[in-house]
Amino acid sequence: MNLHAFLDGDVMIVIPTERRLDAAASVAFKDAMSRLSAEAPHRVILDMSPIDFMDSSGLGAVIGAMKIFAPDTRLEIAALTPAVEKVFRLTQMDRVFVIHAEAPTAPQESADALRAV
């Protein structure tokens, strides 16, 4: 799974490029998030707006990413689609993660700085 990442001030915004975060994509997702961890600031926001399906493997990958970033970097979640929000709510992960209704958008000057990971 490819991820696009950009800095918005002192926050890194990460956007998945695929619509599903499931068993087939979970290992690639964790690997990509691991590569980002080396240069991550103290806050990373995972923009989940492209994800319209997530299974337990995908949720496990998000939790695994949180552990990769910890303790120096906090992984936050933003822009959950209704189906993905339901997974977070049913598993009570909405109590573990800071969840934002919307994700920051790339400033125009940073649009060219979007990079695939």
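The following refers to the structure shown.

Cut-offs applied
Residues numbered from 1 in each chain as written. Predicted model: local features only at pLDDT ≥ 70, side-chain atom pairs only at ≥ 80, totals over all residues. Heavy atoms only, no water. Helix = DSSP H or I, 4+ residues; strand = E, 2+ residues; numbered from the N terminus. Buried < 20%, exposed > 50% of the residue type's maximum accessible area, 1.4 Å probe, protein only. Contact = heavy atoms within 4.5 Å. Areas by Shrake-Rupley, 256 points an atom, 1.4 Å probe, with all protein chains shown as cover. Pairing = 2+ DSSP bridges. Salt bridge = Lys/Arg side-chain N within 4 Å of Asp/Glu carboxyl O. Axes fitted to C-alpha atoms, helices over the stretch in contact; angles between N-to-C directions. Parallel < 35°, antiparallel > 145°, perpendicular 65-115°, else oblique. Left-handed = near helix turned anticlockwise from the far one by under 90°. Nonpolar A, V, L, I, M, F, W, Y, C, P; charged D, E, K, R; others polar.

## Here's the deal with the overall build of the chain
And step 1. Along its length, the chain carries four helices and eight strands.
And step 2. Going residue by residue from the N terminus, the α and β elements of the chain occur as β-β-β-α-β-β-α-β-α-β-α-β.
And step 3. In the chain, buried positions account for 43% of the 117 residues.
And step 4. Looking at the chain alone, contacts between residues at least 24 apart form 76% of all its contacts between residues at least 6 apart.
And step 5. Accessible surface for the chain amounts to roughly 6200 Å². Of this, 51% is attributable to carbon and sulfur atoms.

## A look at the pairing of strand E2 (residues 11–16)
And step 1. Of all six residues in E2, five are buried, a share of seventy percent or more.
And step 2. In terms of strand pairing, strand E1 (residues 3–8) meets E2 through six bridges, oriented antiparallel. Bridge assignment links His-4 to a residue of E2, and that residue is Ile-15.
And step 3. Summarising the sheet, E2 and strand E4 (residues 43–47) pair through four bridges and their orientation is parallel.

## What about the pattern of salt bridges?
It is possible for side chains bearing opposite charge to pair when their charged atoms get close.
And step 1. Applying the stated criterion across every chain, the model contains four salt bridges.
And step 2. In this structure, Arg-20 engages Asp-22 in a salt bridge whose closest nitrogen and oxygen atoms are separated by 3.0 Å.
And step 3. Judged by relative accessible area, which is 11%, Asp-22 ranks as buried.

## Side note on the packing of helix H1 (residues 23–37) against helix H2 (residues 56–69)
Working note: a packed helix pair is described by the angle between its axes plus the distance between those axes.
And step 1. Two elements in contact, H1 and H2, have axes separated by 9 Å at closest approach and are oriented at 15°. In terms of their interaxial angle, H1 and H2 are classed as roughly parallel. Judged by the twist between their axes, the crossing of H1 over H2 is right-handed. Touching Ala-23, Ser-26, Phe-29, Lys-30, Met-33, Ser-34, Leu-36 and Ser-37 of H1 are Ser-57, Gly-58, Ala-61, Val-62, Gly-64, Ala-65, Ile-68 and Phe-69, all from H2.
And step 2. Looking at the contact of H1 with H2 residue by residue, the classes come out as nine nonpolar, six polar and one charged.

In short, shape yes, function no, at least from these values alone.
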